[in-house]
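A look at the structure
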Amino acid sequence: MSVGEGELVQLIEPGRVHRRVYTDPAIFDLEMARIFGTAWIYVGHESQVKNPGDYFCTRIGRKPVIMVRGPDGEVRVIHNQCAHRGAMVVALEQGNAPEFQCCYHGWTYHLDGRLKAVPLQHGYPREFDPADPKTSMLQVPRVESYRGFVFASEAPDGPDLTDSLGYMATSLDDMVDRAPDGEIEVAGGVFKHTYDGNWKLYFENLCDAAHPLFTHRSSIEAAQQQSDAAHSDGTGEIALRQMRQNGAPYSFWESQVGIWTYPNGHSFLGDYHDDAKLVAAMNDPTFRDYRGALEAKKGKARTDEVLAVRRWNSTIYPNISFMSQFQQLRVVHPIAVDRTVVHAYTFRLKGAPERMFRNAISFANTVNGTGSLVLTDDLEIYNRIGIGLASEGTEWLQVGRGFTSDVPDAHGGRRGKNSTSEVYIRNMLDAWLAYMTNGRAAQAAA
Ligand code: FES
Ligand SMILES: [Fe+2]
């Protein structure tokens with residue numbers, strides 16, 4: 001069943017959204033074409049393909065793709081699909097290869113996707129031409145990197161990456177600027193989790209300052225009963241403080257945190273456990289050493305400036321969320337209208353004490369790990385929303401909190417005057433509608 005533009009426009013009203021946006025398979029198919037098929041999609045970080053021949057497999061929407069560094073040093077993104085009979089060519093998640101070979105009939109490709117050799121070529125019709133681009137693993141037409149973060153767009157034309165990021169580029173800057181050597185790298189493993197619900201639910205939860213008190217109550221109470229002394233190895237304290245801080249009263253969430261949104265669906269939530277609370281106040285010697293390393297490289301004034309940026313979750317719509325203070329980045333993969341997979345990566349700050357990386361890993365275990373006491377609560381919520389929305393009941397979902405009090409932001413966006421405003425959801429839905437109608441339904445933010 002196809003979905004008309006007029007129908008799409010009717011699914012979003014001021015302060016509310018129809019449940020079909022999250023449950024209709026035809027809408028999901030259209031999202032894959034009009035959002036994931038046109039927007040700048042984060043594919044990976046340059047540090048994952050440091051050397052020629054290094055590759056990393058991921059997806060743009062549902063399409064499997066490979067980010068690969070060629071012998072010429074250039075990073076490309078090619079479709080992970082054989083031009084012969086369509087098999088996925090590379091099955092490993094990452095590695096190094098001089099060429100790609102399909103394991104079905106042995107077609108072999110250069111690292112830029114061009115066909116290199118075909119067994120039994122004499123058997124093909126005379127007009128079969130291995131040099132024809134149609135026999136390649138197709139390149140994604142546009143690939144751009146912003147400070148090491150590689151994005152790709154399936155649209156041959158459109159706004160460039162920095163235009164599309166706008167002010168949100170400053171959140172990526174914050175990821176990198178925290179490294180004393182000015183560089184970060186993906187390190188450690190990857191956490192993967194999945195839930196039976198729509199991909200948009202994930203982003204709608206990450207900046208939701210109204211949910212921790214309820215959703216995370218069990219870990220808040222468990223953490224409140226523990227003494228710091230029992231977890232004085234440092235890493236345990238990070239988990240304890242993270243969980244306890246989720247129990248901050250509404251007055252704190254409403255006034256102290258902050259929520260900012262920008263064009264194209266991007267947003268960030270202000271900090272609710274800034275460095276001063278979570279690390280420095282513990283008189284953590286690691287943090288002292290880290291600050292020292294930053295000052296040695298950047299000077300005191302710049303160090304103060306870098307550490308003064310305190311953001312919690314930054315969302316770059318439509319597929320990543322990251323936390324600069326703990327070097328976490330989550331990539332959201334929509335699988336089906338009611339199935340989503342999330343991959344969470346940790347970065348190492350080059351030039352920082354190794355214990356900073358250990359802290360980041362400890363934090364990853366607390367918020368992104370498969371055994372996390374926090375993440376499991378959120379996954380349960382996504383599943384329950386999935387079940388609730390799939391049933392016939394409430395047709396319209398309320399996303400109007402803060403609607404009348406949101407205020408313009410100095411950098412061209414809108415922010416919640418009240419930090420528990422659902423402005424970030426409305427902002428994503430505005431972007432959603434703009435993408436889904438090929439820009440014809442103007443962003444309400446404009
Ligand atoms: S499908 Fe790849 S070689 Fe046949
Ligand atoms: Fe949560």
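All figures in this text were calculated on a predicted structure; none of them were measured in a lab. In this convention, every chain numbers its residues from 1, walking through the sequence in written order. Chain A is the first chain written and ligand 1 is the first ligand written, with later ones labelled in order. Thresholds applied to this predicted model are a pLDDT of at least 70 for local features of residues and 80 or more for the giving and counting of side-chain atom pairs; totals over whole chains, interfaces and linings are not thresholded and use all residues. Side-chain descriptors were evaluated using all non-hydrogen atoms of the structure, hydrogens and water having been removed beforehand.

**Observations regarding the side chain of K200**
Numbering goes from the N terminus for both helices and strands, where a helix is a DSSP run of H or I of at least four residues and a strand is a run of E of at least two. With respect to the helices and strands, the residue K200 is situated in helix α6 (residues 199–206). Engagement of the side chain of K200 in a polar contact is seen with the backbone oxygen of V21, the distance being 2.8 Å. Separated by 2.6 Å, the side chains of K200 and E31 make a polar contact. Residues count as neighbours in contact if any of their non-hydrogen atoms are within 4.5 Å of one another. In contact with K200, other than residues within four places in its own chain, are V21, Y22, E31 and W432. Pairs of N or O atoms are called polar contacts if they sit within 3.5 Å, as long as, within protein, a hydrogen donor faces a hydrogen acceptor (for residues adjacent in sequence, only side-chain-to-side-chain pairs).

**Notes on the sheet that holds strand β8 (residues 100–101)**
Strands were regarded as paired on the criterion that DSSP finds at least two bridges between them. Taken in spatial order, the three strands of this open sheet run β8-β9-β10, and their pairing is antiparallel. Edge positions in the sheet fall to β8 and β10 (115–117), since each of these pairs with one other strand and no more. By the bridge criterion, two bridges tie β8 to strand β9 (residues 108–109) in an arrangement that is antiparallel. Pairing of F100 across the sheet is with Y109, part of β9.

**Re the coordination of the iron ion (ligand 2)**
Water is not among the atoms examined, so metal sites may look incomplete; donors are the N, O and S atoms within 2.8 Å of the metal, or within 3.2 Å for Na, K and Ca. The coordination sphere of the iron ion (ligand 2) contains the protein donors H211 (NE2), H216 (NE2), D378 (OD) and D378 (OD), at a distance range of 2.1 to 2.6 Å. In these descriptions, tetrahedral denotes four donors with every angle between 85 and 135 degrees, square planar four donors and octahedral six donors with opposite donors over 155 degrees apart and the rest between 65 and 115, and irregular any other case. If you look at the iron ion (ligand 2), its four donor atoms make angles of 54 to 148 degrees with each other, and the shape they trace is irregular. By relative accessible area, H216 is classed as buried at 2%. In this scheme, a residue with accessible area under 20% of its type's maximum is buried, one over 50% is exposed, and one in between is partly exposed, where area comes from a 1.4 Å probe on protein chains only.

**Thoughts on the packing of helix α12 (residues 285–298) against helix α13 (residues 300–308)**
The angle between two axes is taken between their N-to-C directions and runs from 0 to 180 degrees, where each axis is a line fitted to C-alpha atoms and a helix contributes only its stretch in contact. The geometry of α12 relative to α13 is characterised by a closest axis approach of 7 Å and an angle of 125 degrees between their N-to-C directions. For the element pair α12 / α13, the angle class is oblique. Once α12 is placed against α13, the crossing between them reads as right-handed. Residue-level inspection shows F287, Y290, R291, L294, E295 and K298 of α12 in contact with α13, the latter providing K300, R302, T303, D304, V306 and L307. Residues are grouped as follows: nonpolar covers Ala, Val, Leu, Ile, Met, Phe, Trp, Tyr, Cys and Pro; charged covers Asp, Glu, Lys and Arg; every other residue, Gly included, is treated as polar. Here the contact of α12 with α13 is composed, by residue class, of five nonpolar, one polar and six charged. Put simply, angles under 35 degrees are roughly parallel, angles over 145 are roughly antiparallel, angles from 65 to 115 are roughly perpendicular, and the rest are oblique. For any helix crossing, the convention is left-handed if the near helix is rotated counterclockwise from the far helix by under a right angle, and right-handed if that rotation is clockwise.

**A closer look at the sheet that holds strand β1 (residues 12–13)**
In sheet architecture, strand pairing relies on hydrogen bonds along the backbone and comes in two forms, parallel and antiparallel. Taken in spatial order, the three strands make up an open sheet running β1-β2-β20, and their pairing is antiparallel. Where the open sheet ends on each side, the last strands, each with one partner, are β1 and β20 (396–398). Relative to β20, strand β2 (residues 16–18) is paired through three bridges, and the arrangement is antiparallel. Paired with V17 across the bridge in β20 is L397.

**Digging into helix α16 (residues 423–436)**
Across its 14 residues, α16 extends 20 Å between first and last C-alpha, which sits within 8% of the 20 Å expected from 1.5 Å per residue. Of all the 14 residues making up α16, 14 are buried; the element is thus mostly covered by neighbouring parts of the structure. With its phi angle positive at about 50 degrees, N438 sits one or two positions after the end of α16. Multiply 1.5 Å by the residue count of a helix minus one, and that product is the helix's expected span.

**A look at the packing of helix α3 (residues 25–34) against α16**
One can describe the packing of α3 onto α16 by two numbers: an axis separation of 9 Å at closest approach and a directional angle of 80 degrees. On the basis of the axis angle, α3 is roughly perpendicular to α16. Between α3, through I27, L30, E31 and R34, and α16, the contact on the second element is made entirely by W432, Y435 and M436. Classifying every residue of the contact of α3 with α16 by side-chain character gives five nonpolar, no polar and two charged.

**Focus: the pattern of salt bridges**
Between Lys or Arg on one side and Asp or Glu on the other, a salt bridge is scored when a side-chain nitrogen of the former is within 4 Å of a carboxyl oxygen of the latter. All chains considered together, the criterion is met by 32 salt bridges. For the salt bridge of R302 with D177, the shortest nitrogen-to-oxygen distance reads 3.2 Å. Taken as a pair, R302 in helix α13 and D177 in helix α5 (residues 169–177) lie far apart in primary sequence, 125 residues in all. Accessibility expressed as a relative area gives 30% for R302, which makes it partly exposed. Between E221 and R217 there is a salt bridge, with its nearest N and O atoms 3.7 Å apart. With E221 and R217 both in helix α8 (residues 217–224), this residue pair falls four residues apart, about one helical turn. Here the residues in one salt-bridge network are K50, E183, E185, R348, K350 and E354, joined through shared partners.

**Things to note about the nonpolar core**
Buried together is how nonpolar side chains tend to be arranged in soluble globular proteins. F149, F151, W199, L329 and W432 are the most contacted members of the largest nonpolar core, which has 100 residues in total. A per-element tally of this core places α16 first, with ten residues. Segmentation of the chain into domains, including their bounds, is taken from an automatic or database domain assignment. Inspection of this core shows a minimum of three residues originating in each of domain 1 (42–153) and domain 2 (182–436). Apart from residues no more than four positions distant in its own chain, W432 is found in contact with L8, L11, I12, V21, I27, E31, I35, K200 and Y317. Listed in part, the 18 residues of the second largest apolar core include I66, V90, A97 and Y109. In this description, a nonpolar core means a group of buried Ala, Val, Leu, Ile, Met, Phe, Trp, Tyr and Cys residues linked to one another through side-chain atoms lying within 4.5 Å.

**Focus on the packing of aromatic side chains**
Two rings belonging to Phe, Tyr or Trp (six-membered ring only in the last case) form a pair when the distance between their centres is within 6.5 Å. Interplanar angles under 30 degrees mark stacking, angles over 60 mark edge-to-face geometry, and anything in between is tilted. For the structure on display, the rule yields 24 aromatic pairs. The interplanar angle of 80 degrees and the centroid separation of 6.5 Å between the aromatic rings of W199 and F203 together place this pair among those described as edge-to-face. Residue W199 and its partner F203 are both found in helix α6; the two are separated by four residues, about one turn of the helix. Under the relative-accessibility criterion, W199 is labelled buried at 0%.

**Concerning the domain arrangement of the chain**
Examined at the domain level, the chain breaks down into domain 1 (42–153) and domain 2 (182–436). Computed from C-alpha atoms alone, the centre-to-centre distance between domain 1 and domain 2 is 33 Å. Of the residues lining the interface, 13 residues belong to domain 1; the matching set on domain 2 comes to 15 residues. When domain 1 packs against domain 2, the two sides together hide about 1,200 Å² of surface, and 57% of this comes from carbon and sulfur. The largest contributions to the domain 1 side of the interface with domain 2 come from Y42, R59 and E93, which together make up 40% of the buried area. Our count for the contact surface shared by domain 1 and domain 2 stands at two salt bridges. A salt bridge links E185 to K50; the nearest nitrogen and oxygen atoms lie 2.9 Å apart. Along the contact surface separating domain 1 from domain 2 lie four residue pairs in polar contact (both at pLDDT 80 or more). Secondary structure elements with two or more residues in the side of domain 1 that touches domain 2: β3 (41–45), β4 (54–60) and β12 (149–153). Note on terms: buried area is the combined drop in 1.4 Å-probe accessible area of two parts once they are placed together, counting the loss on both.

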